[in-house]
Amino acid sequence: MPHVWTPDVVIDERLARAVVAQQFPELAGLPVRVFDAGWDNLVVAVGDAWLFRFVHREIALPGARHELAVLRHLADRFEVPIPHPRWLGSPTAEVPWPFWGARALPGVELARAGVEDAARGAVARAAGTLLRALHAPDLARETTAALARDGLTLRADPNRRADPTTVTARARAALADLGDPALTADAEGVLAAVERLPPPGPEASVLVHGDLHVRHLLVADGRLTGVIDWGDVALADPCVDLMAAYGAFDGAARAAFLDAYGDVPEDRALRARAVAVRVHASLAHQAGVDGLDAVHREAVAAIRRATR
């Protein structure tokens, strides 16, 4: 049986090399290799400087269009680098959807970096600072207006991660897939508390990254060096992104994040914990199936952080 993250279209190095060379002659002849893959996208390295992002599941196409538009609008706005699309590719007979390339950002995923919790303070503070800027109400209005000029409307929490009923049900299902009764029991207190909360009102919505888990934070030498994969960018309650505070960080590091970000009401913190459980449980399940041992360990650790 195929998994939910199984690609609809398989894009390999040969195909990526051919389409990049055809559409961008300046890059022809550079070595091409598969760099990484997620649920919705394949990332291919072209030479040492460029990463190209190919959608390989049709369900992700609307998000990819918004991602490209928002990244072009937000380019160079934050102290922490985010991808800045430079090469915009067109569909072909074999690559049915648009694709794009950006300069590679330094660092490795926090999920693979092996950084101890106690050494994450600087990374956490930088992440909190970035989210404080991203969640500014003026930026949401400005970005909404910019996309409207291109005929796009920012989606409102497309994955329903701020909705208590949805996020708790999906979290329980994802935990069941992991098959760890102790982990499920640890998470139940948070999920039961969130289940009793009303949904947040639309007036709380801000611009969110939408999927800020431990694979989308890049780190090097104890610093946050990039935030990647903006395919779920949307308007939503801040809890959708604040899962990073509770899944990626603990103790003094979490305190540094919250000091940089600002006040988080108790109900929003609870929602953020539930989002962290839901997202990292799915991430752990995929990593276990695909044999990504470091990612699996970090995702399970993120669930434990979020529930204590």
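This text follows the structure it describes.
Figured I'd write up the structure that's included with this text. (Residues numbered from 1 in each chain as written. Predicted model: local features only at pLDDT ≥ 70, side-chain atom pairs only at ≥ 80, totals over all residues. Heavy atoms only, no water.)

Taken together, the buried positions of helix α9 (residues 251–261) are A253, R254, A256, F257, A260 and Y261. Summarising the axial view, the buried residues of α9 lie within an arc of 155 degrees, below the 170-degree limit, and thus occupy one face. Away from the buried face of α9 by more than 90 degrees, exposed residues A252 and D259 are located. Buried-residue contacts for α9 involve α4 (121–134), α8 (239–247), α10 (266–290) and α11 (293–306). Directly after α9, the chain includes G262, whose backbone phi takes a positive value near 115 degrees. (Buried < 20%, exposed > 50% of the residue type's maximum accessible area, 1.4 Å probe, protein only. Helix = DSSP H or I, 4+ residues; strand = E, 2+ residues; numbered from the N terminus. Arc of directions from axis to C-beta. Contact = heavy atoms within 4.5 Å.)

Once that is clear, we can look at the sheet that holds strand β6 (residues 108–109). Read across the open sheet, the three strands follow the order β6-β8-β9; overall the sheet is antiparallel. Here the strands that pair on one side only, and so sit at the sheet edges, are β6 and β9 (223–227). Two strands pair when backbone bridges link them, and β6 and strand β8 (residues 217–220) are joined in this way by two bridges, in the antiparallel orientation. Residue pairing for β8: V108 is matched across the bridge by V219. Against the sheet, α4 touches β8 and β9, its axis set at about 40 degrees to β9. (Pairing = 2+ DSSP bridges. Axes fitted to C-alpha atoms, helices over the stretch in contact; angles between N-to-C directions.)

Among the nonpolar cores identified, the biggest contains 75 residues, and L74, V227, F249 and F257 are the most heavily contacted of them. Per element, the largest residue contribution to this core is eleven residues, and it comes from α10. The residues touching F249, leaving out its near neighbours within four places in the chain, are L110, R120, V123, A124, A127, L217, A244, R254, F257 and R305. Among the nonpolar cores identified, the runner-up in size contains 23 residues, and I11, L27, V44 and F52 belong to it. (Core = buried A, V, L, I, M, F, W, Y, C linked by side-chain atoms within 4.5 Å.)

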